Amino acid sequence: MEQCLLAKYRDFLPTTPQTPIITIGEGDTPLVRSQRLEREIGCGELYFKLEGCNPTGSFKDRGMVVAVAKAIEAQNSAIICASTGNTSASAAAYGAVCGLTTFVIVPRGNIALGKLAQALIYDARILAIDANFDKALELVRVLAQKHPIALVNSLNPHRIEGQKTAAFEIVDALGDAPDYLFIPVGNAGNITAYWKGFVHYKQVGRAASTPKMMGFEAEGSAAIVRDKVIPDPKTVASAIRIGNPASWRGAVAARDESGGEIDCVNDEEILDAYRLLAAKEGVFGEPASAASLAGLIKLAKSGYDFSARKVVCVITGTGLKDPDTAIQSAKPLTELPADLETLEKVIVQG
Ligand code: F0G
C-alpha cells in the first residue's frame, strides 16, 4: 500500500511523534497529459492535476488531514470552518473519521448541492447563514478565538502546509517543476501553498526550478486583480465567490516571487473552459476548477507563446459536486418514446 500523505511527506510537514497519522486516502492524485487541448491551445506539454480524485473530491483534503491531525494533537474535540462548500465537506469527513464535532458555516442557498450533501451525510453541524463567505469567515474567526474549537480554514497554517504536497507530487511526476502553474484563486490559500511547496522542493534540491504562478480569480470576485475588497462578490463559480481573500498577501508574494500573474476570467470564459475540459479531455471539474484552464486559454489567445513550455493546470475539484451547473451548461437531453424506429432515426440522422 502507498504511504499516506502524513507519513510520506513527514519530513516536510509540521508533524511530531505525537501527531496522529490519520488518512482517508488523500493525495497521490493523477497528473494527466492533455490529449487534445494541448495541441489546440498550442502548449509544448499540458497536464491536468486532478485534485477532484481526493477522497472528498477536492484539494482541501491535503490540508485538512494535517489541520485535523494537529487539532487532535492539541487536544481539541471540535473543529470549525467557514466555507463555499469544499472546505466544509473535507472538514466534515475528517471530523467524522476522528470522532470530532464539526461545525461548518456556509452561505445559505449558495453552495453547490453535492457539497451540502457531503457535509450532511458526514454528520457535521451545518450552520447556514444569510451572508456571503467573507462574512462567514469573519464570524468563524471570532468563534474560534472565544471557544476551544480549532479553526480549520486556510488561515490555519497547517492547511497550507498540507496543500503544498500537491506541488511536490507535480515535481516528482515531471522530474522538475513545470514552466507555468495555472490555478484558480478564491481565498488564495492554495496558490500560497503551491508556491511554498515549489520553493521548498527547490531549497532541498528536489527541483532545479520553480514555475511561474498564474492565478485566476473570477471577474466578479477579483479582489486581488483590482486591489480592493469586493463587498458583494459574484460569479457562477460559487467555490471562488470570495471578495476578501484571507491569503491575499501570500498570493501576491507567489505572483511576484515567481514572475507570474494574477488575472481574472469572466463567467463565460469559465463555463467555456468547464465544457471544453469535459467534452475534449473527459475531465469533469467543477466550475471554479475550470478557471485555471480558462486563464490559460485567455493568455494563449492574447498572444502568449506556450509552444515550448510545460504547463500544468490544477483542476481543484470534481464536477460531480455541482450537478445543477452541469445540467444548465450542457446541451439538453433528448427525450423519446421507447420505440426502435424513432431511436434509429435519431441515430442515423445524428
Ligand atoms: N477551487 C475549488 C474547487 C475550491 O473549492 C476553492 C476554494 C478554490 C478553487 C480556491 O482555492 O480558496 O485556496 O484560493 N474553496 C474554499 C471552500 C473557499 O470553502 O471550499 P483558494
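Residues numbered from 1 in each chain as written. Predicted model: local features only at pLDDT ≥ 70, side-chain atom pairs only at ≥ 80, totals over all residues. Heavy atoms only, no water.

The helix and strand tally for the protein chain stands at 15 helices and ten strands. A compact globule built from 350 residues should have a C-alpha radius of gyration of about 20 Å, and the protein chain, at 20 Å, falls within 12% of that. With the C-alpha coordinates of the protein chain rotated into their principal frame, the extents come out at 65 × 50 × 45 Å. Going through the 350 residues of the protein chain one by one, you find that 54% of them count as buried. Look at the contacts in the protein chain between residues 6 or more apart in sequence, and 71% of them connect residues 24 or more apart. Total accessible area computed for the protein chain in this model is approximately 15,300 Å², and 51% of it derives from carbon and sulfur atoms. Across the protein chain, 36 positive and 40 negative side-chain charges occur, with their mean positions spaced 4 Å apart. (Helix = DSSP H or I, 4+ residues; strand = E, 2+ residues; numbered from the N terminus. Rg over C-alpha atoms; globule rule 2.2 N^0.38 Å. Buried < 20%, exposed > 50% of the residue type's maximum accessible area, 1.4 Å probe, protein only. Contact = heavy atoms within 4.5 Å. Areas by Shrake-Rupley, 256 points an atom, 1.4 Å probe, with all protein chains shown as cover. Lys, Arg positive; Asp, Glu negative; His and termini not counted. Charge placed at Lys NZ, Arg CZ, Asp CG, Glu CD.)

Let's shift gears to the nonpolar core. Counting residues in each nonpolar core, the largest one holds 56 residues, and the members touching the most others are Leu6, Ile79, Leu181, Ile191, Tyr194, Phe198 and Met213. No other element matches helix α3 (residues 60–73), which puts seven residues into this core. Each of domain 1 (5–57 + 162–329) and domain 2 (60–158) accounts for three or more of the residues forming this core. Sequence-distant contacts of Ile79, defined by excluding residues within four places in its chain, comprise Val68, Ala71, Ala91, Gly95, Leu100, Thr101, Thr102, Phe103, Ile149, Ala150 and Val152. (Core = buried A, V, L, I, M, F, W, Y, C linked by side-chain atoms within 4.5 Å. Domains from an automatic or database assignment.)

To continue, consider the domain arrangement of the protein chain. How big an interface is tends to be stated in terms of accessible area lost as the parts join. Along its sequence, the protein chain is carved into domain 1 (5–57 + 162–329) and domain 2 (60–158). With centres defined by C-alpha atoms, the gap from domain 1 to domain 2 works out at 22 Å. Each side of the interface is counted separately: domain 1 has 43 residues, and domain 2 has 33 residues. Buried area between domain 1 and domain 2, summed over both chains or domains, comes out near 2,800 Å², and the portion from carbon and sulfur atoms is 55%. When the buried surface of domain 1 facing domain 2 is broken down by residue, Ile22, Thr56 and Lys321 rank first, second and third, together holding 21% of it. Here domain 1 is connected to domain 2 by three salt bridges. (Buried area = accessible area lost by both parts, 1.4 Å probe. Salt bridge = Lys/Arg side-chain N within 4 Å of Asp/Glu carboxyl O.)

This paragraph deals with the pairing of strand β5 (residues 125–129). Note on strand geometry: in a regular strand, side chains alternate between the two faces of the sheet. For strand β4 (residues 101–107) and β5, the ladder comprises five bridges, and the chain directions are parallel. Bridged to Val104 within β5 is Ile126. This β-α-β element, β4 to helix α5 (residues 113–121) to β5, shows right-handed connectivity. (Pairing = 2+ DSSP bridges. Right-handed = clockwise from strand over helix to strand, strands pointing away.)

Okay, the sheet that holds β4 next. Across a sheet, paired strands are connected by hydrogen bonds in the backbone, their directions being either parallel or antiparallel. Taken in spatial order, the four strands make up an open sheet running β5-β4-β3-β6, and their pairing is parallel. Each edge of the open sheet carries a strand with a single partner, namely β5 and β6 (150–151). Both strand β3 (residues 78–82) and β4 contribute to a ladder of five bridges, which runs parallel. Among the inter-strand pairings, Cys81 is bridged to a residue of β4, identified as Val104.

This brings us to helix α6 (residues 133–146). Relative to the 20 Å expected for 14 residues at 1.5 Å per residue, α6 spans 20 Å between its end C-alpha atoms, a close match to the ideal helical length. Contacts made by the buried residues of α6 are with β3, β4, β5 and β6. At the N-terminal boundary of α6, the capping side chain belongs to Asn132, with an oxygen 3.2 Å from the backbone nitrogen of Asp134. (Expected span 1.5 Å × (residues − 1). Polar contact = N/O pair within 3.5 Å; in protein donor to acceptor, adjacent residues only side chain to side chain.)

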